[in-house]
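Here are the chains, one letter per residue:
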Amino acid sequence: MKKVEVLKMIDLVEEIKKLDDLIQQSRKKKTSDFVINQYEAKKLKLIGSTITELASAPIQSIESYQLIQKILNKYYPNISEDALLNDDDISKIATAI
């Protein structure tokens, strides 16, 4: 991986961390759900961008997939398998896995 790619990935991860902290602080302060939802949507978008980068060539590797799993476990640790079953299409894919 090129140094520029590494720095880009680190920047994305840092932005996710900042947003995650902001979300946690906003929940403690009882900030409006609308604002928290906006932060969460941006965090989800950044995580998606990070996953896309890690899953694309030339970065794509077993190690990059392990990083994706680590990111998901860190920022979405409480997502249960049952949550996947709420969406028909996602449920079908989960069943196939």
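A short tour of the structure in this document, coming up.

Rules used throughout
- Residues numbered from 1 in each chain as written.
- Predicted model: local features only at pLDDT ≥ 70, side-chain atom pairs only at ≥ 80, totals over all residues.
- Heavy atoms only, no water.
- Helix = DSSP H or I, 4+ residues; strand = E, 2+ residues; numbered from the N terminus.
- Polar contact = N/O pair within 3.5 Å; in protein donor to acceptor, adjacent residues only side chain to side chain.
- Contact = heavy atoms within 4.5 Å.
- Core = buried A, V, L, I, M, F, W, Y, C linked by side-chain atoms within 4.5 Å.
- Buried < 20%, exposed > 50% of the residue type's maximum accessible area, 1.4 Å probe, protein only.
- Phe/Tyr/Trp six-rings, centres within 6.5 Å; stacked < 30°, edge-to-face > 60°.
- Lys NZ or Arg CZ within 6 Å of the ring centre and 35° of its normal.
- Axes fitted to C-alpha atoms, helices over the stretch in contact; angles between N-to-C directions.
- Parallel < 35°, antiparallel > 145°, perpendicular 65-115°, else oblique.
- Left-handed = near helix turned anticlockwise from the far one by under 90°.
- Nonpolar A, V, L, I, M, F, W, Y, C, P; charged D, E, K, R; others polar.

Some details on the side chain of T50
Argument step 1. Tracing the backbone shows T50 in helix α2 (residues 33-55).
Argument step 2. Polar side-chain contacts of T50 include one of 2.8 Å to the backbone oxygen of L46.
Argument step 3. In this structure, T50 is in contact with M9, L12, I16 and I71, ignoring residues within four places of it in sequence.

Some details on the nonpolar core
Argument step 1. Within the largest apolar cluster, 11 residues are counted, these being M9, L12, I16, L19, L46, I47, L54, I59, I68, I71 and Y75.
Argument step 2. Listed by contribution, the elements that provide at least two residues to this core are α1 (3-28), α2 and α3 (62-75).
Argument step 3. When residues of this core are assigned to their parent elements, the largest contribution, 4 residues, is made by α1.
Argument step 4. Not counting the four nearest positions on each side in its chain, I16 is found in contact with K43, L46, I47, T50 and Y75.

Thoughts on unusual backbone geometry
Argument step 1. P58 follows A57 through a cis peptide bond whose omega is 0°.
Argument step 2. With respect to the element layout, P58 can be found in the loop between α2 and α3.
Argument step 3. Here K30, not a glycine, exhibits a phi torsion of approximately 60°, which is positive.
Argument step 4. Tracing the backbone through its elements, the reader meets K30 in the loop between α1 and α2.

Considering the environment of A94
Argument step 1. Structurally, the position occupied by A94 is in helix α5 (residues 88-96).
Argument step 2. Residue class for A94 comes out partly exposed when judged on its relative accessible area of 22%.

Some details on the packing of aromatic side chains
Argument step 1. A complete count under the given rule lists 0 aromatic pairs for this structure.
Argument step 2. The ring of Y76 carries the charged tip of K43 above its face, separated from the ring centre by 5.0 Å.

Focus: the side chain of S26
Argument step 1. Mapped onto the elements of the fold, S26 is located in helix α1.
Argument step 2. The buried category is assigned to S26, whose relative accessible area is 7%.

Structural notes on the packing of α1 against α2
For any two helices packed against each other, one specifies the inter-axial angle together with the distance between the axes.
Argument step 1. Interhelical geometry of α1 versus α2 gives an angle of 160° and a closest axis separation of 9 Å. With respect to α2, the element α1 is oriented roughly antiparallel. Judged by the twist between their axes, the crossing of α1 over α2 is left-handed. From α1, K8, M9, L12, E15, I16, L19, D20, L22, I23, S26 and R27 reach across to α2, where they touch I36, Y39, E40, K42, K43, L46, I47, S49, T50, E53 and L54.
Argument step 2. Counted by class, the contact of α1 with α2 contains 11 nonpolar, 3 polar and 8 charged residues.

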